[in-house]
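# A look at the structure
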Amino acid sequence: MNYLYYNISVRITIGNRIEFAVCQSIKIESSVQVLSDTAKLELPREFRNAVDKNGKSVNISGKSILNYIKRGDAIKIEFGYDGRLATEFEGYITSVGAEIPLFLECEDEMFKLKTAPRITKFIKSGKLIDILKAVVPSNYTIECNGDYSIGKWLIEDATPYNVLEE
């Protein structure tokens, strides 16, 4: 049946523990100018529409939100129309606001590289693949086509993110 309007559908999953089907606002920024994609969410005053991982309704009003949401939690933001959802953002929570309405700031996988241990290293070959292997943690897959030579490279007390940004 043809409708004159579409219903907006939203699903925000935090740490595979809790899910929200309402949101006051979502702002996702993605650019080739910046290494990291970000998202800012504003959740409404009423949190009664939260659902846990078993699909049970969770009333978290009057309780500390930090029992359910904390910095570093994985977050997945999906939205669309009439229940047809598409994943628009996946990443980690970088900041949890203390006010009502609740503000969440999120960042994509680069958050993990920003919080990874700092590195100090000198790379003689200066090949791009050697620099990437030196800074990117082993649980990531590196795809580097070509044999790019950058020259000698000194990494001094930097996170993997800092090196990639440079």
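Scroll up to find the structure this text is about.
This write-up is about the structure you can find in this document. The residue count restarts for each chain, going from 1 along the sequence in the order it is written. In view of the model being predicted, local features appear only for residues whose pLDDT reaches at least 70, and side-chain atom pairs are presented and counted only at 80 or more, with totals across whole chains, interfaces and linings using the full set of residues. Excluded from the side-chain calculations are hydrogens and water; all other atoms, namely the structure's heavy atoms, are used.

## With respect to the pattern of salt bridges
Which entries qualify depends on this criterion: Every case where a carboxyl oxygen of Asp or Glu lies within 4 Å of a side-chain nitrogen of Lys or Arg is listed as a salt bridge. In this text, helices come from DSSP runs of H or I with a minimum length of four residues, and strands from runs of E with a minimum of two, each type numbered from the N-terminal end. Note on classification: 1.4 Å probe, protein chains only; a residue is buried when its accessible area is under 20% of the maximum for its type, exposed when over 50%, partly exposed between these limits.
The tally for this structure, following the rule as stated, stands at six salt bridges. Note that Glu78 is salt-bridged to Arg11, the shortest N-O span being 2.8 Å. Taken together, the positions of Glu78 in strand 7 (residues 74-81) and Arg11 in strand 1 (residues 8-14) put the pair 67 residues apart, joining distant regions of the chain. For Glu78, a relative accessible area of 8% translates into the label buried. Overall, Arg11 belongs to the partly exposed group, its relative accessible area being 29%. Overlapping salt bridges bring together Arg17, Lys70 and Asp73 as one network.

## Focus on a nonpolar patch on the surface
Heads up, the rule is: Surface patches are drawn from residues lacking salt bridges whose relative accessible area is over 30%; two like charges belong together within 9 Å, two nonpolar side chains (Val, Leu, Ile, Met, Phe, Trp, Tyr) within 5 Å. Each accessible area is a Shrake-Rupley estimate made with a 1.4 Å probe; only the visible protein chains count as cover when residues are assessed.
Together, Tyr6, Ile8 and Tyr81 make up a nonpolar patch on the protein surface, roughly 420 Å² of accessible area in all. Here Tyr81 lies in strand 7. Residue Tyr81 is classed as partly exposed on the basis of its relative accessible area, which comes to 49%.

## Considering helix 2 (residues 128-135)
What counts, and what does not: The arc under discussion is defined with respect to the helix axis, by the directions toward the C-beta atoms. Whether two residues are in contact is decided by their heavy atoms, any of which lying within 4.5 Å being enough.
Buried residues of helix 2: Ile131, Leu132 and Val135, and no others. Along the long axis of helix 2, the arc covered by the buried residues comes to 100°, so they all point the same way. Buried residues along helix 2 sit in contact with strand 10 (119-123), strand 11 (153-158) and helix 3 (160-165).

## Some points on the sheet that holds strand 7
Two strands in a sheet stick together by hydrogen bonds in their backbones, pointing the same way (parallel) or opposite ways (antiparallel). Operational definition: Pairs of strands are assigned from DSSP output, requiring at least two bridges between the strands.
Ordered in space as 3-4-9-8-7-1-2-5-6, the nine strands form an open sheet in which the pairing is antiparallel. The open sheet has two free edges, formed respectively by strand 3 (25-29) and strand 6 (57-58), since each of these has just one partner strand. Here strand 3 pairs with strand 4 (residues 38-43) via five bridges, running antiparallel. Looking at strand 4, one finds that Glu29 is bridged to Thr38.

## Considering the nonpolar core
The tendency in soluble globular proteins is for nonpolar side chains to be buried as a group. Quick reminder of the rule: Working definition of a nonpolar core: buried Ala, Val, Leu, Ile, Met, Phe, Trp, Tyr and Cys residues. They are joined through side-chain atoms within 4.5 Å.
In this structure, Ile14, Phe20, Ile75 and Leu104 are the most contacted members of the largest nonpolar core, which totals 20 residues. Within the residue set of this core, elements represented by two or more residues are strand 1, strand 2 (18-20), strand 4, strand 7, strand 8 (84-96) and strand 9 (102-107). With residues near it in sequence (within four places) discarded, Leu104 still touches Ile14, Ala39, Lys40, Leu41, Leu43, Ile69, Ile75, Ile93, Ser95 and Val96. Grouped together as the second largest cluster of nonpolar side chains are 10 residues, Ile131, Val135, Trp153 and Val163 included.

## Quick notes on the environment of Tyr6
With respect to the helices, strands and loops of the structure, Tyr6 is situated in the segment before strand 1. The sequence separation of Tyr6 and Gly80 amounts to 74 residues, and the corresponding C-alpha distance is 9.4 Å. The residues contacting Tyr6, other than those within four sequence positions of it, are Tyr81 and Asp82.

## Section: the packing of aromatic side chains
Under the convention used in this document: Only Phe, Tyr and Trp rings take part, Trp by its six-membered ring, and two of them pair if their centres are within 6.5 Å. Stacked means planes under 30 degrees apart, edge-to-face means over 60, and tilted covers everything else. Geometrically, a charge over a ring is one whose NZ (Lys) or CZ (Arg) sits within 6 Å of the ring centre while staying within 35 degrees of the ring normal.
Per the counting criterion, the structure on display carries two aromatic pairs. Residues Tyr6 and Tyr81 carry aromatic rings whose centres are separated by 5.8 Å and whose planes lie at 55° to one another, so their mutual orientation is tilted. Of the two residues, Tyr6 sits in the segment before strand 1 while Tyr81 sits in strand 7, which places them 75 residues apart along the sequence. We classify Tyr6 as exposed; its relative accessible area is 60%. In this structure, Lys112 packs its charged tip against the face of Tyr92, placed 4.7 Å from the ring centre. Positioned above the aromatic ring of Tyr161, the side-chain terminus of Lys114 is 4.5 Å from the ring centre.

## Thoughts on unusual backbone geometry
The phi dihedral of Asn16 falls on the positive side, at around 55°, and the residue is not glycine. Considering the arrangement of structural elements, one finds Asn16 in the loop between strand 1 and strand 2. Relative accessible area serves as the criterion here: at 63%, Asn16 is assigned to the exposed category. The backbone of Asp82 sits at a positive phi, close to 50°, despite the residue not being glycine. Looking at the element boundaries, Asp82 is found in the loop between strand 7 and strand 8.

Function cannot be inferred from these measures alone, as they are strictly geometric.
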